[in-house]
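# Per-entry structural report
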Amino acid sequence: MAVATFGESVKRTEDPRLITGRGKYVDDVRLTGMAHLAFVRSTYGHANIKSIKTSAARNAPGVIAVFTGADLQEELGGLPVGWMLPDLKQPPHPPLAYETVRYLGDAVAVIVADSAYQANDAVELVEVDYEVLPAVVNGEEATKDGAPQLHEEAPNNIGFDWEVGGGDYAEAIKDPDVIVVKERIVNQRLIPNSMETRGVVADYDVGKGNITLYTSTQIPHLVKLLFSLVTGWPEQKVRVIAPDVGGGFGSKLYLYAEEVVAGIVARQVKRPVKWIESRSEAYVSTAHGRDHICDAEIAGKKDGEIIGIKVDLYANLGAYLSTFAPLIPTYLFGLMLGGVYKMPNIDCKVHGVFTNTTPVDAYRGAGRPEAAYLVERMVSRFAQEIGRDPIVVRRKNMLQAHKNGREVTTGVMYDSGDYKGNLNKALEIFDYKQFRADQRAARRDGKLLGVGIATYIEICGMAPSAVASSLGAGAGLWESSNVRVHPTGKATIYIGTSPHGQGHETTMAQLVSSELGIPIEDIEVLHGDTDQGQFGTGTFGSRSLAVGGAALFNSLQKVKAKTHRLASHLLEADPKFVTFSNGTFAVEDIADKTLTIQEVAGQAYAAANLPDGMEPGLEEVSFFDPQNFAWPNGTHICVVEIEQDTGKVEVQRYVAVDDFGNVLNPMIVDGMTHGGVAQGIGQALSEQAVYTDDGQLLSGSLMDYALPSADMFPMMELDRTVSPSPSNPIGVKGAGEAGTIAASPAVMNAVVDALAHLGVKHMDMPATSEKVWRAIQDAKEAQRAARATARAAK
Amino acid sequence: MVTSNFEYFAPTSVDEATSLLSKYRGEAKVLAGGHSLIPMMKLRLAEPGILVDIGQIEGLSYVRKEEDGVAIGSMTTYREMATSSVIQSNYPLLADASARVADLQVRNRGTIGGSLAHSDPAGDIPAVVLAIGGSVVARTRRSKREINIDRFQVDLLTTALRDNEIITEIKLPGLASGTGTAYSKFHQPASHYAITGVAAVITISGETCTDARIAVTGAGDKATRARRTERILKGKELTPPVIRRAASRAAAEIGDALNEDIHASAEYREHLTRIHAGYAIDQAVAAAG
Ligand SMILES: Cc1cc2nc3c(=O)[nH]c(=O)nc-3n(C[C@H](O)[C@H](O)[C@H](O)COP(=O)(O)OP(=O)(O)OC[C@H]3O[C@@H](n4cnc5c(N)ncnc54)[C@H](O)[C@@H]3O)c2cc1C
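Here the structure is a predicted model, which is why all the values come from computation and not from measurement.

How each quantity is defined
- Residues numbered from 1 in each chain as written.
- Chains lettered and ligands numbered in written order.
- Predicted model: local features only at pLDDT ≥ 70, side-chain atom pairs only at ≥ 80, totals over all residues.
- Heavy atoms only, no water.
- Helix = DSSP H or I, 4+ residues; strand = E, 2+ residues; numbered from the N terminus.
- Buried < 20%, exposed > 50% of the residue type's maximum accessible area, 1.4 Å probe, protein only.
- Areas by Shrake-Rupley, 256 points an atom, 1.4 Å probe, with all protein chains shown as cover.
- Lys, Arg positive; Asp, Glu negative; His and termini not counted.
- Charge placed at Lys NZ, Arg CZ, Asp CG, Glu CD.
- Rg over C-alpha atoms; globule rule 2.2 N^0.38 Å.
- Contact = heavy atoms within 4.5 Å.
- Pairing = 2+ DSSP bridges.
- Axes fitted to C-alpha atoms, helices over the stretch in contact; angles between N-to-C directions.
- Domains from an automatic or database assignment.
- Buried area = accessible area lost by both parts, 1.4 Å probe.
- Salt bridge = Lys/Arg side-chain N within 4 Å of Asp/Glu carboxyl O.

### Some points on the overall build of chain B
Looking only at helices and strands, chain B features 11 helices and 14 strands. Its C-alpha atoms give chain B principal-axis dimensions of roughly 55 × 45 × 30 Å. Counting over 289 residues, chain B shows a buried share of 54%. For chain B, the exposed area adds up to about 12,200 Å²; of that, 46% sits on carbon and sulfur atoms. Computed over 33 positive and 33 negative side-chain charges, the separation of the two mean positions in chain B equals 2 Å.

### Some details on the overall build of chain A
Helices and strands together make up the secondary structure of chain A, namely 20 helices and 28 strands. Relative to a compact globule of 794 residues, whose C-alpha radius of gyration would be 28 Å, chain A shows 28 Å and is just as compact. Principal-axis analysis of the C-alpha atoms gives chain A an extent of 105 × 80 × 50 Å. Here chain A, with 794 residues, has 62% of them falling under the buried criterion. Across chain A, contacts joining residues at least 24 apart in sequence account for 80% of those joining residues at least 6 apart. When the accessible surface of chain A is split by element, carbon and sulfur atoms take 50% of a total near 28,800 Å². Positive and negative side-chain charges of chain A, numbering 73 and 97 respectively, have mean locations separated by a distance of 5 Å.

### A closer look at the pairing of strand β25 (residues 619-624) of chain A
All names here are of chain A. Here β25 shows one buried face, formed by Glu 620, Ser 622 and Phe 624, and one open face, formed by Glu 619, Val 621 and Phe 623. By the bridge criterion, 6 bridges tie strand β19 (residues 479-485) to β25 in an arrangement that is antiparallel. Of the residues in β25, the one forming a bridge with Asn 482 is Val 621.

### Some words on the environment of Ala 656 of chain A
Residue and element names in this part refer to chain A. You can see Ala 656 is positioned in strand β27 (residues 649-659). On a C-alpha basis, the gap between Ala 656 and Leu 545 in space is 21 Å, while along the polypeptide they are 111 residues apart. In this view, Ala 656 contacts Thr 635, His 636, Glu 717, Leu 718 and Asp 719; residues no more than four positions away in its chain are not counted.

### A word on the sheet that holds strand β24 (residues 590-596) of chain A
All names here are of chain A. Pairing in this open sheet of 3 strands is antiparallel, and the strands run β22-β23-β24 from one edge to the other. Edge positions in the sheet fall to β22 (578-581) and β24, since each has one partner strand and no second. Within the sheet, the average angular offset between the axes of one strand and its neighbour, ignoring direction, is 30°. Of the strands in this sheet, β22, β23 (584-587) and β24 touch helix α17 (residues 597-606), which is tilted by about 60° from β24.

### Some words on the domain arrangement of chain B
Residue and element names in this part refer to chain B. Here chain B is described as being made up of domain 1 (7-53), domain 2 (63-173) and domain 3 (179-288). In this structure, domain 1 and domain 2 have C-alpha centres spaced 19 Å apart. Each partner contributes residues to the interface: domain 1 has 15 residues there, and domain 2 has 15 residues. The junction of domain 1 with domain 2 conceals about 1,400 Å² of combined surface from both sides, 63% of it contributed by carbon and sulfur atoms. On the surface where domain 1 and domain 2 come into contact, there are 2 salt bridges. Across the salt bridge formed by Asp 15 and Arg 139, the nearest N and O atoms sit 3.1 Å from each other.

Now the structure itself:
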């Protein structure tokens, strides 16, 4: 390897370690004297705890201690909410429930034992006497009169009512030429399934009173801060380490009950303790995603002009507020309802509702997939209603290209984009006319083909802290970096974000290499240990490069400035005439006067000949807070074929044209897009969390929760447009979520298109084979009935 | 996911294994490939106190051409069956079904004996063996018997096997010339087991179907012969209308016991069973010709 450049597909340097089993995850942490935790969890959706008998468990082999919620009520405090909304109801969220359990999997007690086996054996010996209460799992039902109530603090189970908008939708639809199309749009609940489940090791230093938490998280620094706030543990005595983390998709972006319990229990028993979540536990105890029930309206004119959209949303919050729950269905959803369109009138109301289900929070895309799905489904639905081509309608309403900020109806400022450019490029790859001809021919042969278009824009690169704070953020959303060039000219950097699959070790080193001309193998990237470097915010909202990369870039500029000054001094040349490229300082027009950055670094530490006032050493820190979010956007096109006999949907083609701004590592960005699209296809075709009315989870394992598998995807055809983002100095946007955001509407538009000639206008996700088969049967039945009526009329 | 406590034995002979089963009768479970038993133990749905791992016994893994058919050792894996030329040429549907069970890791471990003994309501092999016919050889410490496959699957996860018996071999009959076979499966999207799977073994002489064995898995609580379908096929020329009529009866035996879950209602399952019976019969007829 050598010096890497910006835009080069550098292979992921972490992969040899990760794919040969040499990664170090939480479960690989083994400490002397370490005990193991197992949680006793509610087997009901809603119940009062009458009593908990723990004596048999306490006396079981290997058991060190058993704690119930009541035992630790004081020490544990309540789990925090990191985003405020006006009049947000915040019912207490005890890490271990002590009076009432409110969802299946709510933890009520914890066992501490010498081995994980003994801890799990003892779980079976704890007798919890429950008084079962009526439960409610549906976000709309929960607000109705007579519905079971979860929290005293939240009458009718409403956690918040929130609204956003622009223009005047009610006034605009008074125009007699306006056609209003209504649809109920449901965005089903999803269960994140990161490859590595959650887990935590808590190591209590009895002598110093320090606690170290090794935890599988996307936000080690915020876990440190929140843990300290919740438990009162002095922050300087808390260290959080996120070692290798095997995926998260947003689900590891909160302070969880088990992290707090592990820390407190370690102090109680004065031994390190470990908890590794089982896959079955993960299904009920790790936050879920989506779960929207929405009445939507789109209004427009016969010629295809769209004049507005109206949304009334019931967002299921689950039983308690997870850390960022209030943010996801509000700002991250409502602000996106204009899509890439002019959309002059927007009226959005959101009701956040408590139900007897696992808490709901961010899941890949977090709010934006729900918005893009709604907007793109409604735009296609509108086109179908007025009998116009969905591409023509989209083109007619699209925003013009812009390079530096465009305020839209919801009041936010899109940064840059060429929306028609994306569409045009996608249509260059995908021959739409030919497809429509093929589709007609296929229908004659009894085959069902459909095409779906979805455009999107999304908000990432979180964020300007002041803006976020004014909207309710409980923490700053800037990012940080530290660049330390060693005396030998090799470098160690510490970044405030930490990866859980994204490849930060490669891309961040690549950025360093391209700026400083240091070979990439000479750069060590540290992350995820709060004692190793400065505070950072974390990895979510596709922000690591757009905010963290920018922070790194700024540190690198400081290093460059210092080395440039020092090199000029050493070369005895006017800095104006000293150039820097490929790691070498040279004096213009003097061939033999050069110094490598390695030599200059050595001199910075030797400190024998520094310019006046220059400090020795070569280490720089930067904190970067952007002026605006970054706004990736694009157009995706999907073709599906539906098997008539069974209703099975197969994705045949998938074209994606995305604008991620400048692209540092195209291979990694393509991989992100592949994975994102795969998850979007999963939501569209197979994934769904299914609860019974009393709060039991029917899709509680990989045997019943249908994650998409590799055979569901065609080779994806990817391309890009590039509108550099003005929000950060490297012009990047974010690529982590875009695929997920665009794919579910693209696929569902294709499914509906394949069935449109039968009279199908909408179908909820997932388009399972049974649902599609039924739609075909119903449509045929309706056609038969219509023919019969026509005959009778004759 | 941690199992409860158990003791583990790894005998090296069938005698030793069957002795352990007798000694710990009621408490002991045979461990073969482990790909049904261990997941259940991890979920604590099965908590056997004793495991008798028969994987160390030599000579239980083979595919042998016999005079009147083929004998398969009970520890033969899916992968071995899928790639065996004897199975490919004698029972193409068994090779094909074995190649489509789960993923490669599972196929490298899972065994024909384990699959039959477990009798998963959605298992592929029980239906395939039922359609081929034959018998299961079971041994105890003292005795050995052959159980006709038609009497082997008894109920949900229940077979005619006694808890001190080990399956050592599966005997399959030679198929008459003019026989075509096929297995057609509709996957459950999460587990990739069969929502329905239909195995067809059809013999055609001249224009007439002289024999037909059709078996269905996934739809009910165990693999089941579709005898009404077979009766419609037998003695007839298999024109498309005959096949359609026969296929439409494929779930008739299952009747009210049709499974229903979040992946398929009973009605849809029945429909899929008919559709896949049609596919399997079509393919078997084509292969016979
Ligand atoms: C991810 C995954 C996907 C799967 N998908 C499918 C699928 O699509 N289709 C399918 O059919 N199966 C599937 N399976 C199940 C797999 O086929 C199992 O391997 C098989 O059902 C059991 O065989 P085994 O050798 O693993 O048996 P084990 O799990 O070892 O044993 C199963 C049962 O049979 C008993 N047993 C085993 N061998 C004998 C013997 N010789 N004598 C007496 N009793 C015995 C055991 O005591 C136990 O009760 C899947 C499994 C997994 C893990």
